[in-house]
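Here's the letter readout for the chains.
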Amino acid sequence: MDEITYAQAVNAALRRALAEDPSTVLFGEDVALPGGVHGVTRRLHREFGERVFDTPISESAILGGAVGAAMMGLRPIVEIMWADFAFVAFDQLINQAANVRYVSRGRLTAPMTVRTQQGATPGSCAQHSQNVEALFAHIPGLRVCLPATPQDAYDLLLTAIGCDDPVVVIESRALYHSLKGTVDQDGPRAPIGGARIHRTGSDISVVTWGPMLHTVLEAARVLEGSDISVEVIDARWLNPFDTDTVAESVSRTGRLAVVHEANLTGGFGAEIIARVVERGVPLSTPPLRVATDDLRIPAAPGLQQAAIPGRDVVARQLLSMLAPGVAA
Amino acid sequence: MSHSLTATALADLAGLWRIRCFEETVTRLRVEEQIVGSVHLCIGQEAIPVGACAALDLTRDAVFATYRGHGWALACGADPAALFAELLGRETGTNGGRAGSAYLSDPDHGFYGENSIVGAGAPIAVGAALAARYDGSGRVALTVFGDGAMNQGAVHEAMNMASAFDLPVVFLVENNRYSELTPIAAMVRNADLVARSAAYGMPGARVDGNDVDAVRRAVAEAVDTCRSGRGPVLIEAHTQRLVGHYIGDAQVYRPRDEVELARTAEPIVVLTAALRAAGVSDAELTGIETRVRAEIETAAAMALAAPPADPNAVKEHVYG
């Protein structure tokens, strides 16, 4: 099987969804003729004609259009070009999409998929670099996932499109063209939810998601040199969140760390720790949160590196759980 | 009026009374605190929903209203007893008590819901119209909002996108001169709201919103434009509230005699006078009101007798 990029995996999932289900439509800013500013939707307009179209720069109309089309029986997939831009139209996600099923007692539904991408990459300014998953995950009625590998970029998106609820799929701009892998494109659509253990270990359970997965895997390899065995869990879905897999892992390792690129306060990592602690899973050390400090994200690469935990910071912090006093 | 026109007008009058009586009963139930929370009435504005819905095919068309939407639900054909029950938090309510006065829906009658966010229904109506492109239904989406919503960004986005894509959306502004508690004239430089249609390259029409037949004709023409693929239409219907923005609104912001003056031009007075002039007897006119009052009274009694919404079901339907 040939390796494809994370962006190509998203493209392949969209192609399959559009081919398999005539009720799917794909729209957003620059997604059709230009093929997306990140090239993720290339050739789909050519293949599917008017079911893939460009919209005005109007996030409320894009998201509201998806809500209305979904209420009428379509399965819209919309792109919000950068996750930061969702804020100009949060009403349509939070007050509208998330309420449709509940308030109508299921008489109406909004089976829409919102694709967006987030994260800091070199040079991305403060309005193009935020990590906003906790904001979506806080909203009952929405589903949220963050694929970290090409296979998951393919699988999670297909699952999201097949889901009868509004789902926000947060892709990683950093991974679009930098990460390649083999992708099985013939499998059945996976059920919604489910974490993936990328690496087994016996000393610390680390839960992470999105591009930070790769930072954590690198940190785990660094710690291997110090004979520290790190179990790395990619949450993948924040809603529904797979508490069982995490709790089971922590019950073996006795230690829990969460690592995310989003800033600390109110981050989803706190929710994960709360869930595990509430279950009464015994911990041999206090749980650890590794996150970006509560600040705005600067554009300069050097400043971004100073703000966002990299491999060495993550490794040092994890090490501190086993060897207090060692960490910076 | 010809005989058939008179028959239509008599049906219109019944439609106006149905909404008026419903809302008068709602007022009573709210004052008695059997209905709780914020309630927005459309007393004085009934001709717009009655006229507009008469021009729609509600087996396929979709209506998206504001929180001042009881009249729209009724004009779409929703069961008054189910609407009362919704306001009363009963199990038999259109939404089983989950929506209340300001966010109820009844899609079985083409009523896709009120919206408590000013202007938010407009982009959703655009989506419903967009779906018509693919499902072959011939659906027209009608979204109604107040003059205040004309200053919401989402409404502008919706009007532009509908225009750019020639989508079948009727944007209907109920201009009752007040954006909640503030005069629209103080909030815009150009109070001629329909003039904005030109900016979006769509037809615009101004209509006397207290005249059922004028509303029906304007909406029918707009629906025809939409169904023939010629894109959206903006209609500005002028009207006045005979009541406050919400039940309990003391209306300190309104000139003292404004409502009294408005009572001489409100839709029931106007249509009743026209029918009387056309030769309809007072007995027949009074009969309509009496019949509708009885119908609404029965509906309210049914709703009051219904069980409260089931708390055991409160966690259902968050997800599929």
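Bear in mind that the values here come from a model prediction, so they are computed numbers and not experimental data. Numbering of residues starts from 1 in each chain and follows the order in which that chain's sequence is written. Naming scheme: in the order in which they are written, chains are lettered from A and ligands are numbered from 1. Only residues with pLDDT of at least 70 get local features here, since the model is predicted, and only at 80 or more are side-chain atom pairs given and counted; chain-wide, interface and lining totals rely on the full set of residues. Only hydrogens and water are set aside when side-chain values are computed; all heavy atoms of the structure are taken into account.

In this section: the overall build of chain B. For the purposes of this entry, the term helix denotes a DSSP run of H or I that reaches at least four residues, the term strand denotes a run of E that reaches at least two, and both are numbered from the N terminus. Across its full length, chain B holds 11 helices and 7 strands. In terms of overall dimensions, chain B is globule-like: its C-alpha atoms have a radius of gyration of 19 Å, near the 20 Å expected for 320 residues. Expressed along its principal axes, the backbone C-alpha trace of chain B runs to roughly 55 × 50 × 40 Å. Within chain B, the proportion of its 320 residues that are buried is 58%. Between the two quantities, the radius of gyration covers C-alpha atoms and the globule rule is 2.2 Å times the number of residues to the power 0.38. Summary of the burial criterion: residues with accessible area below 20% of their type's maximum are buried, those above 50% are exposed, and those between are partly exposed, where the area comes from a 1.4 Å probe applied to protein chains only.

Our focus in this paragraph is the sheet that holds strand β5 (residues 113-118) of chain A. All names here are of chain A. The 7 strands are arranged β3-β2-β4-β5-β7-β6-β12 in an open sheet whose pairing can be described as mixed. The open sheet terminates on both sides in strands that have one partner only, identified here as β3 (52-54) and β12 (237-239). The average undirected angle you get between the axes of adjacent strands in this sheet is 20°. Here strand β4 (residues 75-80) runs beside β5; their pairing, made up of 4 bridges, is parallel. Looking across to β5, one finds that Ile80 is bridged to Thr116. Should any heavy atoms of two residues lie within 4.5 Å, those residues are considered in contact. Helix axes are fitted only over the stretch in contact, all axes being lines through C-alpha atoms; the angle between N-to-C directions runs from 0 to 180 degrees. Docked against the sheet, helix α1 (residues 6-20) engages β2 (24-28), β3, β4, β5 and β7 (167-172), running at close to 135° with respect to β2. Note on pairing: DSSP must find at least two bridges between two strands before they are called paired.

Residue and element names in this part refer to chain A. If you trace the 5 strands from one edge of the open sheet to the other, you get β9-β11-β10-β13-β14, paired in mixed fashion. Looking along the sheet, the strands with just one partner apiece sit at the ends: β9 (196-199) and β14 (288-292). Looking at each pair of strands side by side, their axes are set apart by 25° on average, direction ignored. The sheet contact formed by strand β10 (residues 204-208) and strand β13 (residues 256-263) spans 4 bridges and is parallel. Each residue of the ladder has a partner; that of Ser205, found in β13, is Leu256. Most of the contacts of helix α9 (residues 212-224) go to strand β11 (residues 230-234), to which it runs at about 170°, and overall it touches β9, β10, β11 and β13.

Okay, the UniProt feature "domain: Transketolase-like pyrimidine-binding" (unreviewed entry) in chain A next. UniProt positions are given in the numbering used here, feature names are shortened, and annotations may be inferred rather than shown by experiment. Sites flagged by UniProt as "domain: Transketolase-like pyrimidine-binding" (unreviewed entry) map to residues 4-178 of chain A. For the annotated span residues 4-178 of chain A, helix accounts for 38% and strand for 18% of the residues, and the straight-line distance between the end C-alpha atoms is 10 Å.

Accessible area lost upon the coming together of the parts is a frequently used measure of interface size. Residues and elements named next belong to chain A. What the domain assignment lists for chain A is domain 1 (3-182) and domain 2 (196-322). A C-alpha centroid distance of 26 Å is found between domain 1 and domain 2. With 31 residues of domain 1 in contact, the opposing surface of domain 2 contributes 26 residues. Here the quantity called buried area is the accessible surface, traced with a 1.4 Å probe, that two parts lose on coming together, added over both. A combined buried area of about 2,100 Å² lies between domain 1 and domain 2, and 57% of that area is made up of carbon and sulfur atoms. Residue ranges assigned to the domains are those given by an automatic or database domain assignment.

Quick look at the interface of chain A and chain B now. On the chain B side, the residues contacting the 41 residues of chain A number 39 residues. With both sides pooled, the region where chain A packs onto chain B buries about 3,300 Å², and carbon together with sulfur makes up 63% of that total. Considering only the side of chain A, the residues that lose the most area to chain B are Met72, Tyr102 and Arg105 of chain A, jointly responsible for 25% of the buried surface there. Any carboxyl oxygen of Asp or Glu that lies within 4 Å of a side-chain nitrogen of Lys or Arg is treated as forming a salt bridge with it. Between the two partners, chain A and chain B, sit 2 salt bridges. Residue Arg107 of chain A is joined to Asp108 of chain B by a salt bridge in which the shortest nitrogen-to-oxygen separation is 2.5 Å.

This part is about the side chain of Glu261 of chain A. Residue and element names in this part refer to chain A. Mapped onto the elements, Glu261 comes out in strand β13. His is not counted, nor are the chain ends, whereas Lys and Arg count as positive and Asp and Glu as negative. One buried charge, Glu261, has no salt-bridge partner; the nearest side chain with opposite charge is Arg173, at 7.1 Å. Any N or O atom pair separated by 3.5 Å or less is treated as a polar contact, with the protein-specific requirement of one donor-capable and one acceptor-capable atom, and with residues adjacent in sequence counted only for side-chain atom pairs. Polar side-chain contacts of Glu261 include one of 2.8 Å to the backbone nitrogen of Ala120. In terms of polar contacts, Glu261 uses its side chain to reach the side chain of Asn131, at 3.1 Å. Discounting chain neighbours no more than four positions away, the residues touching Glu261 are Gly119, Ala120, Asn131, Pro211, Met212, Thr292 and Ile308.

So, about the confidence of the model for chain B. Here chain B shows a mean pLDDT of 97. Residues at 70 or above account for 100%. In the predicted complex, the global pTM is 0.97; the interface-specific ipTM is 0.96. On a scale of 0 to 100, pLDDT captures the predictor's confidence in every residue.

As a further point, take the pattern of salt bridges. Under the criterion given, the structure shown has 35 salt bridges over all chains. Where Arg115 of chain A meets Glu171 of chain A, a salt bridge forms, and the shortest distance between an N and an O atom there is 2.7 Å. Here Arg115 of chain A is found in strand β5, whereas its partner Glu171 of chain A is found in strand β7, with 56 residues between them in sequence. Classification of Arg115 of chain A by relative accessible area gives buried; the value is 1%. Arg311 of chain A serves as the salt-bridge partner of Asp312 of chain A, at 2.9 Å between the closest nitrogen and oxygen. A relative accessible area of 42% places Asp312 of chain A in the partly exposed class. A cluster of three or more residues bridged by salt bridges with shared partners is formed by Asp12, Asp213, Arg216 and Arg217 of chain B.

Glancing now at α9 of chain A. All names here are of chain A. Expected helix span is given by 1.5 Å per residue-to-residue step, counting one fewer step than there are residues. When the terminal C-alpha atoms of α9 are compared, their 18 Å separation across 13 residues agrees well with the 18 Å that a helix rising 1.5 Å per residue should span. Along α9, the residues that are buried comprise Met212, Leu213, Thr215, Val216, Leu217, Ala219, Ala220 and Leu223. Here the buried face of α9 lies against β9, β10, β11, β13 and α13 (311-322).

To continue, consider unusual backbone geometry. The peptide bond linking Asn239 of chain A to Pro240 of chain A adopts the cis configuration, its omega dihedral lying at 5°. Residue position: Pro240 of chain A is located in the loop between β12 and α10 (243-253). The phi angle at Arg236 of chain A is positive, at roughly 65°, despite the residue not being glycine. Taking relative accessible area as the criterion, Arg236 of chain A reaches 11% and is therefore assigned buried. Of note, Glu33 of chain B is a non-glycine position whose phi angle comes to about 65°, a positive value. Considering the arrangement of structural elements, one finds Glu33 of chain B in the loop between α1 (3-31) and α2 (47-54).

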